[in-house]
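If you want the building blocks of each chain, they are given just below.
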Amino acid sequence: MDEQNDNVEQTLVLIKPDGLQRSLTGNILALLSHPDNIIVATKLVKVNRALAEEHYSHLKQKPFFEDLIKFLLGEWHTNRVLAIIYEGPDIIKRIRATGGATNPEEAKPDTIRGKYGRIHSKTGVYENVIHCSANNEDAEREIKLWFEPDEVVNIRFPVEYIVEERTVMKWKK
Ligand code: IDP
Ligand code: MG
C-alpha cells in the first residue's frame, strides 16, 4: 500500500447454512484471506427465529421474507451459521466486493457468490452462501446483534458493565 489507510472498520460475515452444508467453509475463508483482513471474533451459531428475523428486519415487507428466514434457519440445509467479525482498512466495502452481487446469477465469477451461489428452485431465494454487512450502520447493528463484547478480541464500540445474576451452563465437575 502506498499510503497508510486509517479507515479501520469492522464488518460482520456470516457463512450461511448452504455454505456450511456444502462444505464450502474453507473455500470461502480462503477467498476472504488477506493480511489486511483480520478475524477478531468467530463462533458457530444455532440460529433461532428471533435472531433470523431481527437480522433481516429491513426485508420484512418483501415477498420472499418468510422463505429467507427459513433459509437462515436451515430448513433446506443445516441449522448452523458461522459468524465472523473481520477488521481492517475499508473492510466493509472490500469484503462486499469479494462477496459479490446479491443475486448469484449476476455476481461476477471471481466472487464468492459468483463461484458458489445458486437460486433455490422451489422458492427463488438466493442461496448466496455468505452475508456481509453493507455499510457502517449495518455493520455496527449486526455485530452487536450476533456478538457480545466479551466475544470480540478487539472491541471498537462503547461498552458498559452491568451486574446481573443469571444461571449459566458449565461443564459438570
Ligand atoms: P445482501 O445480502 O447482498 O446485503 P439484501 O438485500 O440485504 O442483500 O438481502 C438479504 C438476503 O436476502 C440476500 O443475501 C439473499 O439471500 C436474499 N434476497 C435478497 N433479494 C432477494 C430476491 O429478490 N429474491 C430472493 N432472495 C433475495
Ligand atoms: Mg444486506
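Residues numbered from 1 in each chain as written. Chains lettered and ligands numbered in written order. Predicted model: local features only at pLDDT ≥ 70, side-chain atom pairs only at ≥ 80, totals over all residues. Heavy atoms only, no water.

A.B. asks: A description of the nonpolar core should follow, citing residues and the corresponding values.
C.D. replies: Within the largest apolar cluster, 24 residues are counted, with the highest numbers of intra-cluster contacts made by Leu12, Val47, Tyr56, Ile85, Trp146 and Phe147. Sorting the residues of this core by element identifies strand S1 (8-15), strand S2 (38-45), helix H3 (49-55), helix H4 (65-72), strand S3 (81-89) and helix H7 (136-146) as the ones contributing at least two each. Element by element, the count of residues in this core is highest for H4, at five residues. Apart from the residues lying within four places of it in its own chain, the contact partners of Ile85 are Gln10, Thr11, Leu12, Ile38, Ile39, Val40, Ala41, Ile143, Phe147 and Val152. (Core = buried A, V, L, I, M, F, W, Y, C linked by side-chain atoms within 4.5 Å. Buried < 20%, exposed > 50% of the residue type's maximum accessible area, 1.4 Å probe, protein only. Helix = DSSP H or I, 4+ residues; strand = E, 2+ residues; numbered from the N terminus. Contact = heavy atoms within 4.5 Å.)

A.B. asks: Break down the pattern of salt bridges for me, with residues and values.
C.D. replies: Using the criterion set out here, one finds seven salt bridges in the structure. Between Glu66 and Arg49 there is a salt bridge, with the nearest N and O atoms lying 2.8 Å from each other. Here Glu66, found in helix H4, pairs with Arg49, found in helix H3; they are 17 residues apart in sequence, far enough to count as distant. Lys144 serves as the salt-bridge partner of Glu140, at 2.5 Å between the closest nitrogen and oxygen. Separated by four residues within a single helix, Glu140 and Lys144 lie in helix H7, roughly one turn from each other. You can call Lys144 partly exposed: its relative accessible area is 45%. (Salt bridge = Lys/Arg side-chain N within 4 Å of Asp/Glu carboxyl O.)

A.B. asks: Got a sec to walk through the packing of aromatic side chains? Specific residues and values, please.
C.D. replies: Counted under the stated rule, the structure contains zero aromatic pairs. Sitting over the face of the ring of Phe147, Lys43 holds its NZ or CZ atom 5.0 Å from the ring centroid. (Phe/Tyr/Trp six-rings, centres within 6.5 Å; stacked < 30°, edge-to-face > 60°. Lys NZ or Arg CZ within 6 Å of the ring centre and 35° of its normal.)

A.B. asks: Break down the site of ligand 1 for me, with residues and values.
C.D. replies: Close to ligand 1 lie 13 residues; Arg96, Thr102, Arg113, Tyr126 and Asn128 are nearest. In this structure, Arg113 approaches ligand 1 through a side-chain N or O atom, which is 2.9 Å from an oxygen atom. The separation between an oxygen atom of ligand 1 and a polar main-chain atom of Tyr126 is 2.9 Å. When atoms are counted within 2 Å of each cavity's grid points, the one that captures over half of ligand 1 is the second largest pocket. Here the residues of the shell around ligand 1 sort into six nonpolar, four polar and three charged. (Near = heavy atom within 4 Å. Polar contact = N/O pair within 3.5 Å; in protein donor to acceptor, adjacent residues only side chain to side chain. 1 Å grid on protein atoms, 1.4 Å probe; cavity = no way out; pocket = protein on both sides within 12 Å on 5 of 7 lines; lining within 4 Å. Sits in = over half its atoms within 2 Å of the grid points. Nonpolar A, V, L, I, M, F, W, Y, C, P; charged D, E, K, R; others polar.)

A.B. asks: Please give an account of the pairing of S1 that cites residues and values.
C.D. replies: Most of S1 sits out of view: seven of its eight residues are buried. Where S1 lies against S3, eight bridges are found, and the strand directions are antiparallel. Bridge assignment links Leu12 to a residue of S3, and that residue is Ile85. As defined by bridge partners, S1 adjoins strand S6 (residues 130-132) across three bridges and the pair is classed as antiparallel. (Pairing = 2+ DSSP bridges.)

A.B. asks: Outline helix H5 (residues 91-99), listing residues and values.
C.D. replies: All of the buried residues in H5 are Ile91, Ile92, Ile95 and Gly99. Down the axis of H5, the smallest arc covering the buried residues is 100 degrees, so these residues share one side. Opposite the buried face of H5, by more than 90 degrees, sit the exposed residues Lys93 and Ala97. Just beyond H5, the residue with positive phi is Gly100, at close to 95 degrees. (Arc of directions from axis to C-beta.)

Any link to function would need more than the numbers given here.
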